[in-house]
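Residue strings, one per chain:
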Amino acid sequence: MTTATQLDGDLAQVMDSMPYGMYIVGSRDGGNEANGMMADWVMQVSFHPRLLAVSFENDAHTLANIRSNGWFTVNFLPASEEGRKVAARFAQPYDGGKVRGRTVGEKAVVHHKMDGVPHAVAVHGAPVLTGAMAWLECQVNQFVPTGDHTLVIGEVMAGKLVNDSEPLSSTYTGWTYSG
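Fair warning: this is a prediction, and the values are worked out from it, not measured in the lab. (Residues numbered from 1 in each chain as written. Predicted model: local features only at pLDDT ≥ 70, side-chain atom pairs only at ≥ 80, totals over all residues. Heavy atoms only, no water.)

A. Geometry of the packing of aromatic side chains. Using the criterion set out here, one finds two aromatic pairs in the structure. Here the basic side chain of R67 rests over the ring of F143, its NZ or CZ set 4.6 Å away from the ring centre. (Phe/Tyr/Trp six-rings, centres within 6.5 Å; stacked < 30°, edge-to-face > 60°. Lys NZ or Arg CZ within 6 Å of the ring centre and 35° of its normal.)

Now the structure itself:
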């Protein structure tokens, strides 16, 4: 007989093995600071109009930025060592206190992840990474509360394929995300 604990362990293992794309979502806050965060829960949801969905933790700094100005970018990184290094830079949350178990000093750190990262700015202010293989600029269509996350549906208003290469994924990096 399978116990609830065994089932939870099996479900966690299955969820950890799901492959995801690794994207950098760009935003800009009210003070005009560019921000980027790694997101792997991203998908296209409509052809007409072109819509995509990104899932954000409800307390994500990027979600607050997007709520305030209604625009964001999705940067596709190449499946390469350079793409993995760029993604790793964005693995930290903006607010160091968001991660349980950190020391008092680590909790006080604010991660300005765009500092030193070469980028341009899309028409509506969100960053486009210079090393991205492709990017999309999206205007918010709707916010959908979904448990401990919020699904942001964005209409793709602009974008560019910079170079046609394999996109970075959790299969390439070996990283998992389970919330």
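B. Main features of the sheet that holds strand β8 (residues 134-146). Pairing within the open sheet is antiparallel, and its seven strands lie in the order β2-β1-β5-β8-β9-β4-β3. Only two strands of the sheet have a single partner each, and these edge strands are β2 (34-39) and β3 (42-46). Taking each pair of neighbouring strands and ignoring which way they run, the sheet shows an average axis angle of 35 degrees. Bridge count between strand β5 (residues 71-76) and β8: six bridges; the pairing is antiparallel. In the strand pairing of β8, V74 is matched with L136. Sheet contacts for helix α2 (residues 61-69): β1 (23-28), β2, β4 (51-57), β5, β8 and β9 (149-161); angle to β1, the most-contacted strand, approximately 50 degrees. (Pairing = 2+ DSSP bridges. Helix = DSSP H or I, 4+ residues; strand = E, 2+ residues; numbered from the N terminus. Axes fitted to C-alpha atoms, helices over the stretch in contact; angles between N-to-C directions. Contact = heavy atoms within 4.5 Å.)

C. Structural view of the pattern of salt bridges. The full count for this structure, using the stated rule, is one salt bridge. Ionic pairing is found between R84 and E81, a salt bridge with its closest N-O pair at 2.7 Å. Here R84 pairs with E81, and both are found in helix α3 (residues 81-89), just three residues apart, close to one helical turn. Look at R84 and you get partly exposed, because its relative accessible area is 24%. (Salt bridge = Lys/Arg side-chain N within 4 Å of Asp/Glu carboxyl O. Buried < 20%, exposed > 50% of the residue type's maximum accessible area, 1.4 Å probe, protein only.)

D. Structural view of the side chain of N75. In this fold, N75 is placed in strand β5. A polar atom in the side chain of N75 sits 3.4 Å from the backbone oxygen of P127. Excluding its chain neighbours within four sequence positions, the residues that come into contact with N75 are Y23, I24, G26, P127, V128, L129, A132, A134 and W135. (Polar contact = N/O pair within 3.5 Å; in protein donor to acceptor, adjacent residues only side chain to side chain.)

E. Structural detail: the nonpolar core. Counting residues in hydrophobic clusters, the biggest one holds 16 residues, and the most contacted among them are V25, V54, F56, I66, F72, V74 and V152. For this core, the secondary structure elements donating two or more residues are β1, β2, β4, α2, β5 and β8. Counting twelve residues, the second largest nonpolar core, distinct from the first, contains A34, M38, A87 and A132. (Core = buried A, V, L, I, M, F, W, Y, C linked by side-chain atoms within 4.5 Å.)

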